[in-house]
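# An overview of the molecular structure
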Amino acid sequence: MKFDVSIPLLGFKDVKEVELEKIDEIFMKMSSCQDTNISFTLIDPFVLRDYDFEISDNVKETLEIDEKSNLLILNIVLIQTPIENSVVNFVGPLIFNTDNHKMAQIIISDSKEYGVAEKISGFLKSS
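Each value, and the rule that gives it
- Residues numbered from 1 in each chain as written.
- Predicted model: local features only at pLDDT ≥ 70, side-chain atom pairs only at ≥ 80, totals over all residues.
- Heavy atoms only, no water.
- Helix = DSSP H or I, 4+ residues; strand = E, 2+ residues; numbered from the N terminus.
- Buried < 20%, exposed > 50% of the residue type's maximum accessible area, 1.4 Å probe, protein only.
- Contact = heavy atoms within 4.5 Å.
- Areas by Shrake-Rupley, 256 points an atom, 1.4 Å probe, with all protein chains shown as cover.
- Lys, Arg positive; Asp, Glu negative; His and termini not counted.
- Charge placed at Lys NZ, Arg CZ, Asp CG, Glu CD.
- Core = buried A, V, L, I, M, F, W, Y, C linked by side-chain atoms within 4.5 Å.
- Polar contact = N/O pair within 3.5 Å; in protein donor to acceptor, adjacent residues only side chain to side chain.
- Salt bridge = Lys/Arg side-chain N within 4 Å of Asp/Glu carboxyl O.
- Pairing = 2+ DSSP bridges.

## Quick look at the overall build of the protein chain
- Of regular secondary structure, the protein chain possesses one helix and nine strands.
- In the protein chain, the succession of helices and strands from N to C terminus is β-β-β-β-α-β-β-β-β-β.
- Dimensions of the protein chain along its principal axes, counting C-alpha atoms only, are 40 × 30 × 25 Å.
- Counting all 127 residues of the protein chain, 40% fall into the buried class.
- Long-range pairs, those at least 24 residues apart, make up 54% of the contacts in the protein chain between residues at least 6 apart in sequence.
- Accessible area of the protein chain: about 7700 Å², with a carbon and sulfur share of 49%.
- Placing the 12 positive and 22 negative side-chain charges of the protein chain at their respective mean positions leaves the two points 3 Å apart.

Given below as structure tokens:
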């Protein structure tokens, strides 16, 4: 599924279109359509923790979000070996409007409960 980047990705202002590819039930890959060297592994944050934030009116307008919009929220994860050492950026979620194929990255600037590089091991359930 391809998405237009409506608000530039931090550090990647030249990326105008991305493609999402499902890896499994938790992970996805997001690749730049312009530069095959740019790709990110994304994770569904809701499988790890309670995750809640406000989307500003400006972003809602840009992505044409209303109460009926189908949104996909994902976060960038830096995969490490072992997987428990991987870190997730909860401060910069990616918002995908699957109805109109527009996406943006936002920054949760006022959050004290989310970090920019939280170890995934802190959210894994012990068996």
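## Focus on the nonpolar core
- In terms of nonpolar packing, the biggest core is built from 21 residues, with Ile43, Leu48, Tyr51, Phe53, Val88, Phe90 and Ile95 touching the most fellow members.
- One finds Val18, Leu20, Leu42 and Met103 within the second-largest nonpolar core, a separate group that totals 15 residues.

## Let's talk about the side chain of arginine 49
- Here arginine 49 is to be found in the loop between strand 4 (39-43) and helix 1 (57-62).
- Judged by relative accessible area, arginine 49 falls into the buried class, the value being 16%.
- Within the structure, arginine 49 has its side chain in polar contact with the backbone oxygen of glutamate 113 (distance 3.2 Å).
- In contact with arginine 49, not counting residues within four places along its chain, are Phe90, Glu113, Tyr114, Glu118 and Phe123.

## Focus on the pattern of salt bridges
- The full count for this structure, using the stated rule, is three salt bridges.
- Notably, a salt bridge pairs lysine 22 with glutamate 25, separated by 3.3 Å at the nearest N-O pair. With respect to burial, lysine 22 and glutamate 25 carry one shared label: exposed.
- Ionic pairing is found between glutamate 118 and arginine 49, a salt bridge with its closest N-O pair at 3.1 Å. Taken together, the positions of glutamate 118 in strand 9 (residues 118-119) and arginine 49 in the loop between strand 4 and helix 1 put the pair 69 residues apart, joining distant regions of the chain.
- The buried category is assigned to glutamate 118, whose relative accessible area is 18%.

## Considering the pairing of strand 2 (residues 17-22)
- Across three bridges, strand 1 (residues 2-7) lies against strand 2 in antiparallel orientation. Looking at the pairing, aspartate 4 lines up with glutamate 17 of strand 2.
- Summarising the sheet, strand 2 and strand 3 (residues 27-32) pair through five bridges and their orientation is antiparallel. Among the inter-strand pairings, valine 18 is bridged to a residue of strand 3, identified as serine 32.
- Hairpin connection of strand 2 to strand 3: four residues between the antiparallel strands.

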